[in-house]
Amino acid sequence: MAHVLHKPLSYLTAFSVLYFTLSFASHSQHHDFSIVDSDFDALYGDYTPPSPPPPPPLPHPPSLTCEDGLNGTGSLVATCDLNSSLVFDGDVCIEGNGTLNILPGVNLSCPVSGCVILINMSNEFSLQSGAVIVAGTVLVASRNATLFEGSVINVTGLAGAPPAQTSGTPSGTQGAGGGHGGRGATCVSDNTKLPDDVWGGDAYSWSSLDKPWSYGSKGGTTSKEERYGGEGGGRIRFEVVDCIDVSGDLLANGGDGGIKGGGGSGGSVYVKAHRMTGTGTISATGGGGFAGGGGGRVSIDVFSRHDNTKFFIHGGISLGCSDNAGAAGTYYDAVPRSLTICNHNLSTQTDTLLLEFPKVPLWTNVHVQNQAKALFPLYWSRVQVGGLIRLTFGAVLSFGLAHYGSSEFELMAEELLMSDSIYGALRMSVKIHLMLNSKMLIDANGDSIVATSLLEASNLVVLKDSSVIHSNANLGVHGQGFLNLSGAGNLIEAQHLILSLFYSINVGPGSVLRGPLEDAGDDMTPQLYCEVENCPVELLHPPEDCNVNSSLAFTLQICRVEDVIVEGTITGSVVHFHWIRNVDVSHSGVISVSGLGCTGGLGRGRYFENGIGGGGGHGGYGGDGYYNGNFIEGGTTYGDVDLPCELGSGSGNNSLGGATAGGGIIVMGSLEHSLSSLTLNGSLRANGQSFGDDTRGKDGGITSSIGPGGGSGGTVLLFVQTLALGDSSIISTAGGQGSPSGGGGGGGGRVHFHWSNIPIGDEYVPLASVNGSITTGGGFGGGQGLPGKNGSISGTACPRGLYGIFCKECPVGTYKNVSGSDRALCHNCLPNELPHRAIYISVRGGVAETPCPYKCLSDRYHMPNCYTAFEELVYTFGGPWLFGLLLLGLLILLALVLSVARMKFVAGDDIPAVTPARNDTRLNHSFPFLESLNEIMETNRSEESQGHVHRLYFQGPNTFSEPWHLPHCPPEQVKDIVYEDAFNRFVDDINSLATYHWWEGSIYSILCIIAYPLAWSWLQRCRRKKLQKLREFVRSEYDHACLRSCRSRALYEGLKVAATSDLMLAYLDFFLGGDEKRPDLPPRLYQRFPMSIIFGGDGSYMSPFSLHSDNILTSIMSQSVPPTIWYRLVAGLNAQLRLPTASGYCQFGLVVYAPENESMSSSCEGYDDSRITEKQTCLLSSLRNPVHHMTSNEHLMMPRRMSGGILHAKSLRTLKERKTVYYPFAFIIYNTKPVGHQDLVGLVISILLLGDFILVLLTLLQMYSLSLLSFFLVLFVLPLGVLFPFPSGISALFSQGPRRSAGLARLYALWNLMSLVNVVVAFFCGFIHYTARSHNKLTNFQSWNFSLDESEWWMLPSGLALCKIIQARLVDCHVANQEIQDPSLYSGDTNVFWNS
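Below, the structure is looked at part by part. Residue numbering note: each chain is counted from 1, following its sequence as written. Where totals are concerned, whole chains, interfaces and linings use all residues; where local detail is concerned, this predicted model gives features only for residues with pLDDT of at least 70, and gives and counts side-chain atom pairs only at 80 or more. Working from all heavy atoms in the structure, the side-chain values ignore hydrogens and water.

**Observations regarding the overall build of the chain**
Right, so step 1: Each helix corresponds to a stretch of at least 4 residues labelled H or I by DSSP, and each strand to a stretch of at least 2 residues labelled E; elements are numbered beginning at the N terminus. Across its full length, the chain holds 20 helices and 66 strands.
Right, so step 2: The buried share of the chain, reckoned over its 1396 residues, is 57%.
Right, so step 3: Residue contacts follow a heavy-atom distance rule, with two residues in contact if any of their heavy atoms lie within 4.5 Å. Expressed as a percentage of contacts within the chain between residues at least 6 apart in sequence, the contacts between residues at least 24 apart total 67%.
Right, so step 4: Per-residue and other accessible areas follow the Shrake-Rupley method at a 1.4 Å probe size, with only the shown protein chains counted as cover for residues. Surface summary for the chain: the accessible area is close to 57,100 Å², and the carbon and sulfur share equals 55%. Under the scheme applied here, a residue whose accessible area is under 20% of the maximum for its type counts as buried, over 50% as exposed, and between as partly exposed, the area being computed with a 1.4 Å probe on protein chains only.

This is the structure:
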C-alpha cells in the first residue's frame, strides 16, 4: 500500500548503514562479470552495469475473433464476452474497436516461458471475479480497464530470456538468486573477498525503471548436472487512456528455486492511466530458494490516484541463509517522481543498485525502507532529488567503490533521514537532515584528496538519540537554518570541524562538538602553532568565507551563525566563534580547551633527567620543580597581555609518559566582527593539564607518580559588545597541578575582554553584568614543588569616564578625563564645587570633566545652588541679613501707609456726633462709657417707663443646646394684668420660636472643630436672626391675647422683647394699656424692691459681663438716684465687669432694694432669685471701685437668698475660674485696661499684622520646600486658619465706630489665637523632617539659613508664634482702647471717678 511507504519519523528504527567501503580485499573470481576483474585502476572510473539493448518488438500475430478464435459471444467490434477457458501454445493477439469482457471463472492461459498475450481494445476491458490470465507477457491497451476482486493476471516464473549483455542469472553452482531490480542473494561466503564483493545475479534495467519492460532472471543451481534455479518473473503492462480499477492481482514474481536452486528475480509491472482506483495487489517479488532472487521493477504512471493498492517488490527468501534475502526491487511512482526500495522487513546483505539519478526533472523523493539495502557503486556520485531521501526501518544506503578510498559522493535533497556510516569523502546537500539513533562515519584513511567532507542542509539538521557524525579528517557542516543536537549522546566530531551559515546552533545537554578527535594518531592530529611567537593572523582577522581550510589554526570553528546555544560540550584545541551574534552557554554548557594546548611551547617547563620538572608558563610563571634538594625553574611568561592569542605551554618532556599539556585557546569574535552578546551561566575553560589527568602513558601502561609539572593555562579571548556572567558561571585559565613527586604547578593563563565600539556619553550602556568567577590562578605544586603564578585578566583601555576590565562608570564623586582602565585614574571631584545640600550623581557614560554633576538632596531644593524656594527668595535679595533689613523697612513703610489710610478712613467716626446740649455737664464729661450706654443716650422715651410694670428675663444663654425660654407660670408682678392660661400659651409659642433647628447646631459643631471663629460668627448670626424673629412675633404676629387690657390687645403695645448687645440676654417688658383703672399700677421704685438686674454676657473673652441699662431702667432708677450718678455707676461697673472671666455659663446680676433707715435705693451685686434655680454658686467679681460710699448696706448675694455683708473693696472677691482645656489661651487673649496711644497701638498692630502675613507666606513657602504634605497640613489644620488673621485684622483696623471696631478686633484676636494651631503643626512637621533627615546632615552648611533640615528649622515657626502672641496682647489693648475711652473709670480716686 502506498501510504505504508511514508511512515512518520517516530516509527523509524535505528539499524541502517550508510557507508563507503575502503577496505582492500583479494581479487578472487566471483562470476563471469565482476567489478574486481575489470581494469578500474586504468580507467579510474565508476562501476556501472552495462545497459541492456532496447527490447525487441513484440510479436504481432493476427488477431483472434470473438466467436471463432475465442469461443465467445458477440464481436470485438462491439462487445465480446468470453465465457469459456482457453489454453494457448503461442503468442496471442486480441484486437478490436469494442469491449472485451472476460467473464467470471474464465481462464486464458499460455503456460510457455515468454508467451505473449496482447489485448488491444478501443473501448473497455474487464477481467471479472475469478477470471485468470496466465502468460509470460501480458499487455493490455484500452480506454478503460477493470480488474474485479478475485481476478488475477499472473506472469510468475514465465519470463522469457532476459535482456542481452546482462548478468542477472548467476553462474556457477552456488545456488544464488537471480537479479533484476535488486541483486540476487548468495549464501556462499568467500573469506578472500569483502562482503560487498559477493552477490548472486546482478541488477539491470536501471535506465528504464520508470517504464520497466524486462523479464526477470533465472536463479542459479547447486548442481552442474541440472539447473534447479527458479525462473524469472514475466512482464505486465497496462496502457489505459482514462481509468483503471485494480481490485484484482497483478503478479510478476520470480519463480521459487527450492532447496537446490536459487530463486528467480521478479519481473516488470507497468501501469499507465489517467485515473486509478482499487484495492488489489501488484507484486514483482523475487522467488525463494537456496538463495533468494532479487525483486523486480514496478512503475505506476497515473495522474490521479485513488487506489489503495498493495505493492510488493522485496527479494526472495533464502533457505540457505535466512538473514540474507534477495535485494529489494524498485517501485517508481511517475507523477510525484518518487522511488521506493522496500524489502518488506526481510533481512538482507545484498544491495539494490542505485545509479545515475535524472537531472531534469529531479526525482522528488527516495525511500529506502524495511530492511532494504541500497548502493551507489560509483567512484563519484551525485544524488540529487527535489524532496526527501528517507532511510527508515533498518534501511541501508551505501556509497562508493569498495576498493577505492578516493570515492566521493554528493547528496542533494530537501530532507535526509539516514543512519550509521559513510566511508570516504562526502558532499551532501539537503534541505532537512534528520538523524535518529544513527551514525555517519567518514573515513579518509589518510588520503589528502578526500580529506574534506561537506554536509549542507539549508533548513534543518537534527541529531537525536545518540546520533553521531564522525570524520577522521576535515568536516564542514553548513546550513541556513537550524542545527540541533537534541540530547545526550549526540556527537559531531572531526580533526578540523567547521559549522557555518546556520541561523541557530543548539548543542543540547549531553551533546558534544569536538575538534580534534580524542586519541587520534599523530598523522591525523592537527599541527598547533606552539613554537610561533607571533599570533596567527587568522585568529584576529579570520577569513570571511568560512570554508574548510586545514591550513588555518582553528581546530573547531563556528562561523556566520546568528545564535549559538550551548547546553552540552564544545571542546577542541583552538575553538573559534567567528561572525556570531549571540552565544548563550547555559548552566550545563561547557566550552573547554583544557589540556588541549601544547605539550612544549614557548613557556615549556624545564625538567630533571628523571622526568620531574617545573610547570609550564604563560600568563604567569610556572612553578619550580623540586627534587633531592634542588629546584628547577618553571616556564616563563610570554604573549601580549593586552591582546593574548597564544596556546598554553606544557611540561616540555613529551617523550615521557605522563607529559602534561597547556590549555588551548577560545576565541569569540574578531577585530572586525565581535559578538553582540555573550551570556554565560556555564563555563569557559582553558585550564592547563594536571599531572594524573591521563594516567596512561603512550604505551598504554600506568605512569608512575614521578612526573613533570602542570601545564599552563591557555587563553580566553573575547571580542564582545555585551557580557552577562551568571551566578554559577566560570571563566577559567588556571594552571595544572604538578606531579606529587615535586612537579611545579602550571602558570595561569590569560583572559582578555576586547570591547568593540564602547559607547560613551548618553549612548553608554553597561557592557557586562558579572556575577560569576574569573580564574587565572596558578596550579598547585606537588610535594615540595612550588605553585605557578597567577595569570592575567585584562580588557580594552576604557575611554574617558569609564574604568576597569569591564569599562564601568567611575564611582560617584569621581571623574576620569584620560583613556585607560586603572581605577586610580578616577580622581575625586573637588569638594568646593559641590553646593550645600547636594550629592554627586552618576551619569550615563561616567564623568569625564569637572565640575562633576550633582543633584540636590531632595526635589524641594532647586538647582544650581540647591536652595529652597524661600532661600532662593532670600539670596536673590542679597542674603539673610540684607533680606531681613529690606523686609523690616518694607514692613514699617507699609504699616505707615496703612495707618495713614486707616486714619483717613475712620477720621469721621472719631469726632463725636452733634447732640443736643444737656443741662448736666457731668453727663457730657462721662461720654463715652460702654456701647450699651450709647443706646441709652440716643433715645429719651420716659413715657414708656410710666406704663412699665415688670421686666421678665429669658432663661438660657441663647445657644443651640440651651436656647432662650420663658417660665410658664407668670411672675407675681404681672398676674393682675395677664390671663394665666393665655400667658402659658404665649410662652409656648415664644419657646417654640426661640428653639434652633438641628442643622444650625450641626453646622456650629462642625465649624467649632474646623475653625472656631467661623463658628462664633455663625452663632452670632443665628442669635441675631432669632431675636429678630421674636421681636417680629411679639410686635406684629402675636395678638397679645394674654393681656387683660383691651387697649393693649388692640394696639399691640403691652409686650415688648429686647436683648443686650451680645445677644445672650433677652427680656420681656410688660406695659399697662391705660384702661386698667388701677391706682397701684404701675408700681413705684420702692414697690419693686428687691429688684433684680441681670448682667449680659458670660464672662468670656468674646462676651464679657456687662450691665445693660436702657431708658426704662434709667427712668425707673431716677426715682431714687440722679441719672448722672446712675450713668456713672453703670459705666464704672461695666468697666470693671470687663476684666473677670468665667468658665461655663452662669448668670450674674444686681439685686436693688431699699435700706431700712434710708429711702435711697442701694445697689448690691447678687443673683436673680427667679433665674438661679438650676445654677451653681458663683462669687462676684471684685470691682476695685469705691462704690461702698453709695450705701452702707451692700451685701454679697448667694443663690436663692439675699444675704451678705457691706460691699467694700476688701470684701469684693474675684470670680472663681475653672481650669479647662482652653485655660492656656487665657494668657494670650484676655480683657485688659485701656492703655491709650491709640494711633501708636494701631501702627504697631499694622506692622505686626503685615509681618504676620509675610511670615505666614514665608512659612508656607518653607513648608512647600519641605514637602507638599507639610504644606497642606499647615494650611488646612485648621483649614486656612493661618491666612484668616490678616483679612480679619484689616477689617478690624478699617472699621468705623468704636463698637464695631472693638467687635471685629475681638474676632481678629480669635482668628489670631486659632492660627497658633497651624503654627504648632508647622513645628511638628519641621521637627519630624529634621529628625528623619538628621543622619544625612552635611557638614558644609552655611552660617545662617532657613532650611528646615538644619538646626534653625524652628526659626520661622517660632517667629510666627511670637508675632501672633504679641499681636494678641496688642489687640487686647486695642479692644480696651475702643471699648473704654474714659480711663478715669479705673481711677482709685473717688473725686476723679465721680467728677470726670
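Picking up after the structure, the text goes on.
**Comments concerning the packing of aromatic side chains**
Right, so step 1: Each Phe, Tyr or Trp ring, with Trp reduced to its six-membered ring, pairs with another whose centre is within 6.5 Å; inter-plane angles below 30 degrees give stacked pairs, above 60 give edge-to-face pairs, and intermediate values give tilted ones. One pass over the full model with this rule turns up 28 aromatic pairs.
Right, so step 2: With a centroid separation of 6.0 Å and an interplanar angle of 45°, the aromatic rings of Phe954 and Trp964 are classed as tilted. One end of the pair, Phe954, is in the loop between strand 60 (948-953) and helix 8 (980-994); the other, Trp964, is in the loop between strand 60 and helix 8, with ten residues separating them in the sequence. With respect to class, Phe954 is no different from Trp964; both count as buried.
Right, so step 3: Aromatic ring contacts, followed pair by pair, group Trp206, Tyr332, Phe357, Trp363 and Phe376 into a single cluster.
Right, so step 4: Over the face of the ring belonging to Trp199 we find Arg183, whose NZ or CZ atom lies 3.5 Å from the ring centre.
Right, so step 5: For a lysine, the NZ atom is tested; for an arginine, the CZ atom; a charge sits over a ring if that atom is within 6 Å of the ring centre and within 35 degrees of the ring normal. The ring of Phe1071 carries the charged tip of Lys1056 above its face, separated from the ring centre by 5.8 Å.

**Examining the state of the cysteines**
Right, so step 1: Defined by distance alone, a disulfide is two cysteine sulfur atoms within 2.5 Å. Scanning the model with the defined rule gives ten disulfides in all.
Right, so step 2: Here Cys546 engages in a disulfide with Cys559; their sulfurs sit 1.6 Å apart. Classification of the bridge connecting Cys546 and Cys559 rests on its S-S torsion, roughly -40°, and on that basis the disulfide is left-handed. A residue pair is termed long-range when its members are at least 10 positions apart, and Cys546 in the loop between helix 2 (537-540) and strand 39 (556-566) and Cys559 in strand 39 qualify at 13 residues. Accessibility classification places Cys546 together with Cys559 in one group, the buried group.
Right, so step 3: Here Cys798 connects covalently by a disulfide to Cys807, the sulfurs 2.2 Å from one another. On the sign convention where negative means left-handed, the S-S torsion of about -95° between Cys798 and Cys807 marks this disulfide as left-handed. In this structure, Cys798 and Cys807 share a single accessibility class: buried.

**Regarding the sheet that holds strand 9 (residues 132-134)**
Right, so step 1: Between any two strands, pairing holds if DSSP finds at least two bridges. Pairing within the open sheet is parallel, and its seven strands lie in the order 3-6-9-12-15-17-19. Each having just a single partner strand, strand 3 (86-87) and strand 19 (310-312) make up the two edges of the open sheet.

**Some remarks on the sheet that holds strand 27 (residues 396-399)**
Right, so step 1: If you trace the three strands from one edge of the open sheet to the other, you get 22-24-27, paired in parallel fashion. The sheet is open, and its two edges are formed by strand 22 (352-353) and strand 27, each paired on a single side.
Right, so step 2: Two elements, strand 22 and strand 24 (residues 373-376), share two bridges in a ladder whose sense is parallel. Across the sheet, the residue bridging to Leu353 is Leu375, located in strand 24.

**So, helix 8**
Right, so step 1: For helix 8, built from 15 residues, the straight-helix expectation of 21 Å at 1.5 Å per residue is met to within 8% by its first-to-last C-alpha distance of 21 Å.
Right, so step 2: Taken together, the buried residues of helix 8 touch strand 60, helix 10 (1012-1037), strand 61 (1055-1059) and strand 62 (1066-1071). Here the expected length of a helix is defined as 1.5 Å per residue gap, with one fewer gap than residues.

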